[in-house]
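This is what each chain is made of:
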Amino acid sequence: MRFGFKTSQQDTTWADMLAVWREADDIEIFESGWNFDHFYPIFSDSTGPCLEGWITLTALAQATRRLRMGTLVTGIHYRHPAVLANMVSTLDIISNGRLELGIGAGWNEEESGAYGLELGSVRDRSDRFEEACEVLVGLLSQETTSFHGKFYDLTEARNEPKGPQRPHPPIGIGGNGEKRTLRTTARFAQHWNFVGGTAEEFARKRDVLHAHCADIGRDPREITLSSHIRLGEDGSFGPAIDQITALAAEGLDLAIVYLPTPHTPKILAPLAEALAPLA
């Protein structure tokens, strides 16, 4: 079992987040750090503070040396995929090849509506997401990309310079939708993030993903399986350990522990000690 952690940018300060990431960078059991990509808090009062995800991640890349990093996940409708591809390549360079591209179809109606960002129907979200994945792969790996779809239209588009990871940074797709999201994951991703739930639900979704892989002739072992892991309501580690153990029995590769706010680096050493027997 491999381990990462996640710090959401809501109800926190930059100084506290920075302290957590710097501390985790020196604790070997944590292979990766993640944030989210929202403009409003999603677990508390939505009028509260929330730092922007990609700017934060770029700063954290400069403050760390070892951790792999990414967003779980970027709603694809927040940024045109051509703009996002340029961001990805640039941050892959800045981080010396430590970036992972976490993306999803988008779901937050409150912030989307407030900003005038069209979320669309569930079908529209899935169609747009599939198009965006194709555009991103092209711009991140090819000299030029032409694409003419319902949502995006590119003609001989360039994205230079590209980052050091080839053919592109690993793409991680978050979501549990069996008909569309997991099919898109089978086509484009190197990492699938289970948003959370029981081991039985994880196993069912895993089997659906593997079936989609079989349909297109892809080896499912090429796709890392991860899940969000939450501590107990009182911050205790026991529920997280139990959840990781159950998911590991169903093939989980990477457990990403959601760190509660207010963020503090003091949680990391005892958490690492608790996780060590599962590694």
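Our structure's up above, just so we're on the same page.
Numbering of residues begins from 1 in every chain and follows the order in which that chain's sequence is written. Restriction of local features to residues with pLDDT of at least 70 applies here, the model being predicted, together with a cutoff of 80 or more for giving and counting side-chain atom pairs; totals for whole chains, interfaces and linings are based on all residues. As a convention, hydrogens and water are excluded, and side-chain values are obtained from all of the structure's heavy atoms.

**What to know about unusual backbone geometry**
Just so we agree on the cut-off: The secondary structure listing takes helices from DSSP runs of H or I that are at least 4 residues long and strands from runs of E that are at least 2 residues long, numbered from the N terminus.
Val73 follows Leu72 through a cis peptide bond whose omega is -20°. Residue placement: Val73 occurs in strand β3 (residues 68-75). A cis amide bond, omega 5°, links Arg166 with the succeeding residue Pro167.

**Brief notes about the side chain of Arg218**
Our working definition: Polar contact is defined as a pair of N or O atoms within 3.5 Å, subject to the rule that within protein one atom must be able to donate a hydrogen and the other to accept it, and that residues adjacent in sequence are counted only when both atoms are side-chain atoms. We call two residues in contact whenever any of their non-hydrogen atoms come within 4.5 Å of each other.
With respect to the helices and strands, Arg218 occurs in the loop between α7 (199-216) and β9 (224-230). From its side chain, Arg218 meets the backbone oxygen of Ala186 in a polar contact 2.9 Å long. Contact partners of Arg218, with chain neighbours within four places excluded, come to Thr185, Ala186, Arg187, Phe188, Ala189, Gln190, Cys213 and Ile223.

**Digging into the sheet that holds strand β4 (residues 99-104)**
The strands making up a sheet associate through hydrogen bonds between their backbones, and the pairing can be parallel or antiparallel. Put simply, the rule is: At least two DSSP bridges between two strands are needed for those strands to be called paired. A fitted line through C-alpha atoms serves as each axis, taken over the contacting stretch for helices, and the angle formed by two N-to-C directions is quoted from 0 to 180°.
Strand order in the closed barrel formed by eight strands is β1-β2-β3-β4-β7-β8-β9-β10, and the pairing between neighbours is parallel. Neighbour-to-neighbour, the strand axes of the sheet open up by a mean angle of 25°, direction not taken into account.

**A short note on the environment of Arg204**
For the record, the criterion: Each residue's exposure class comes from its accessible area (1.4 Å probe, protein chains only) as a fraction of the maximum for that residue type: buried when under 20%, exposed when over 50%, partly exposed otherwise.
By the element assignment, Arg204 lies in helix α7. Residue classification places Arg204 among the partly exposed positions, given a relative accessible area of 43%. Remark: the alpha-carbon pair of Arg204 and Leu139, spanning 65 residues in sequence, is separated by 33 Å.

**Brief notes about the packing of helix α5 (residues 122-141) against helix α6 (residues 181-188)**
How we decide: Each angle receives one of four descriptions, namely roughly parallel if under 35 degrees, roughly antiparallel if over 145, roughly perpendicular if within 65 to 115, and oblique otherwise. Crossing handedness follows the turn of the near helix against the far one: under a right angle anticlockwise gives a left-handed crossing, and clockwise gives a right-handed one. Classes in brief: Ala, Val, Leu, Ile, Met, Phe, Trp, Tyr, Cys and Pro nonpolar; Asp, Glu, Lys and Arg charged; the others, Gly included, polar.
The contact between α5 and α6 brings their axes to 10 Å, and the two run at 15°. One finds that α5 runs roughly parallel with respect to α6. Considering the relative orientation of α5 and α6, their crossing is right-handed. Facing Phe129, Glu130, Cys133, Glu134 and Val137 of α5, the residues of α6 in contact are Arg183, Thr184, Arg187 and Phe188. When its residues are assigned to classes, the contact of α5 with α6 shows four nonpolar, one polar and four charged.

**So, the pattern of salt bridges**
Selection rule: Salt bridge criterion: a side-chain nitrogen from Lys or Arg within 4 Å of a carboxyl oxygen from Asp or Glu.
As enumerated under the stated definition, the model contains 20 salt bridges in all. A salt bridge links Arg2 to Glu31, with the shortest nitrogen-to-oxygen separation between them at 3.1 Å. Here Arg2, found in strand β1 (residues 2-6), pairs with Glu31, found in strand β2 (residues 30-37); they are 29 residues apart in sequence, far enough to count as distant. Among the residues examined, Arg2 registers a relative accessible area of 34% and is labelled partly exposed. A salt bridge links Lys162 to Glu160, with the shortest nitrogen-to-oxygen separation between them at 2.8 Å.

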